[in-house]
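Understanding the architecture of this molecule
Here is what each chain is made of, one letter per residue.
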Amino acid sequence: MVKVNLGGCSSFVKDADYNDYVTKALAALDTLESGSGAGNDFLGWKHLPSETPESLIAECEAVRDCWKAKGVDLVVVIGIGGSYLGARCAIEALSHNFAKQLSGKKDAPEVVFAGNNLSEEYIAELMDLVAERNAATVVISKSGTTTEPAVAFRVVKEYIEKTYEDASERIVAITDARKGALKTLATQEGYKTFVVPDNVGGRYSVLTPVGLLPIVLAGFDVREMLAGAAEMEKACAVRSAENPAVQYAAMRNLLYSVMGKKIEILVAYNPKLQYLGEWWKQLYGESEGKELKGIYPASVNFTTDLHSMGQFIQEGERILFETVVNIEKSNRSVVIGSDPQNLDQLNYLAGQHVEHCNAMAQLGTKLAHIDGGVPQIEVSVESLSAYNLGGIFQFFEYACGISAYVLGINPFNQPGVEAYKKNMFALLEKPGYEEQTKAIKARL
């Protein structure tokens, strides 16, 4: 169960202002629940946890078992934005930090990601790895024509077709149910396909096959993840000031609109959550950054980034607040020993768990940053598990929908991302962009 603690904001805001924003957030929740707001044809994510059929999970597991029988030990997941961030977040959060370096039999293939950049070096080095391994690929694209994943897929597909007689069985497409270039190719070549639901946008798609299949292939329990998300699906739909999604949406909008806090920093004290920050940044940046409005989403990992960004957070311009993802209990145990010489002067910590030091660093940082003028919201779960990660996904998605409606923004479109694409296509001299090519070359 995700819990929200707003105590780190109490010295910065007035109760009356908070209550006012709770009222606004509850009205936004009503809009979200009734489906009467802007973008209401993209609300399918709300009930994915409770409505995902067992048959879909079984299909994902069938792919896993098929590839295991073929000896596949490397899966290239091709996608960009919401088509890879959720899966990468989950896999990195649930994996052993040093799984790649540990010796011994691996129970699941290594999952790597491509199609999220246009770096020639990255693709070339990816293919160096693919050439040494027994490979398969999952390509994720609604249209099949998004440049970054399309380029990566063309390279990976060509290699698989040249290398394996059963090439079509080593390619799975997650795409539109009826139309698009990738759907057409999958039908022609006989690829196994999964559907990206029409009513779920990319950044809300982690609990669709977009996220579920890669997570299953990596060896993790998506049933537990969906169960945790289902708990939050219920909690976030309750019309109450105690609803954690309402609390979070209300406070962040208050800090932004009344206190002038323009930047929100998502903070984690566990390096496994680095890609939670990346997933969260897309979710909130793409959902709220419109019409010259929106809180700028950034992320850091403490205590590491306290030695790089800590100075600015403590004493820089007072335009930011923090949202700390707090993991209450560590899944592992390491106790600090005693040393006779005590040259490092750490004997006062002898017998303490390392996580105790992390917790005290977290508490000390909270007090220092609040004293320095930085409000802090805390989002807590008991431990880092598939169940709780599912809850975190659902919580932040629900809160995002509420928060954007409070701001007066459509949470489910992204009109601004097309501008760079049009320029890129013109510069690449894509057919159909001849006039734009002439115009942009004249500018340059």
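Quick summary incoming for the structure in this document. Here the structure is a predicted model, which means the values were calculated and not measured. (Residues numbered from 1 in each chain as written. Predicted model: local features only at pLDDT ≥ 70, side-chain atom pairs only at ≥ 80, totals over all residues. Heavy atoms only, no water.)

Note that alanine 439 resides in helix α16 (residues 434–443). Taking C-alpha positions, alanine 439 is 8.8 Å from alanine 426, a pair spaced 13 residues apart along the chain. (Helix = DSSP H or I, 4+ residues; strand = E, 2+ residues; numbered from the N terminus.)

Before going further, it helps to examine the pattern of salt bridges. Under the criterion given, the structure shown has 27 salt bridges. In this structure, lysine 46 engages glutamate 33 in a salt bridge whose closest nitrogen and oxygen atoms are separated by 3.4 Å. Of this pair, lysine 46 sits in the loop between α1 (15–34) and α2 (48–51) while glutamate 33 sits in helix α1, placing them 13 residues apart in sequence. Judged by its relative accessible area of 4%, lysine 46 falls in the buried class. The partner of aspartate 176 in a salt bridge is lysine 179, with the nearest N and O atoms 3.5 Å apart. A single network of salt bridges, built from pairs that share partners, joins Lys142, Asp176, Arg178, Lys179 and Asp198. (Salt bridge = Lys/Arg side-chain N within 4 Å of Asp/Glu carboxyl O. Buried < 20%, exposed > 50% of the residue type's maximum accessible area, 1.4 Å probe, protein only.)

Before going further, it helps to examine the pairing of strand β4 (residues 135–140). When you tally the buried positions in β4, you get six out of six residues, the bulk of the element. Residues of β4 alternate between two faces, with Ala135, Thr137 and Val139 on one and Ala136, Val138 and Ile140 on the opposite face, all of them buried. Here strand β2 (residues 74–78) runs beside β4; their pairing, made up of five bridges, is parallel. Residue pairing for β4: valine 77 is matched across the bridge by valine 138. Direction of pairing for β4 relative to strand β5 (residues 171–175): parallel, over a ladder of four bridges. Bridged to threonine 137 within β5 is isoleucine 171. A crossover connection joins β4 to the parallel β5 through helix α6 (residues 147–163); in handedness this β-α-β unit is right-handed. (Pairing = 2+ DSSP bridges. Right-handed = clockwise from strand over helix to strand, strands pointing away.)

Below, the discussion takes up helix α3 (residues 54–69). Across its 16 residues, α3 extends 22 Å between first and last C-alpha, which sits within 8% of the 22 Å expected from 1.5 Å per residue. Residues of α3 that are buried in the fold lie against β2, β4, β5, β6 (192–195), α8 (209–217) and α9 (222–236). Positive phi shows up at glycine 71, right after α3, with a value of about 80 degrees. (Expected span 1.5 Å × (residues − 1). Contact = heavy atoms within 4.5 Å.)

Attention now goes to unusual backbone geometry. For the peptide bond that leads from phenylalanine 302 to threonine 303, omega is 5 degrees, which places it in the cis range. Mapped onto the secondary structure, threonine 303 falls in the loop between β8 (296–301) and α12 (310–315). Although it is not a glycine, glutamate 291 adopts a positive phi angle of roughly 55 degrees. Summarising the element assignment, glutamate 291 is placed in the loop between α11 (274–288) and β8. The phi dihedral of leucine 292 is positive, around 60 degrees, even though this residue is not glycine. Residue placement: leucine 292 occurs in the loop between α11 and β8.

The analysis is restricted to geometry; functional conclusions fall outside its scope.
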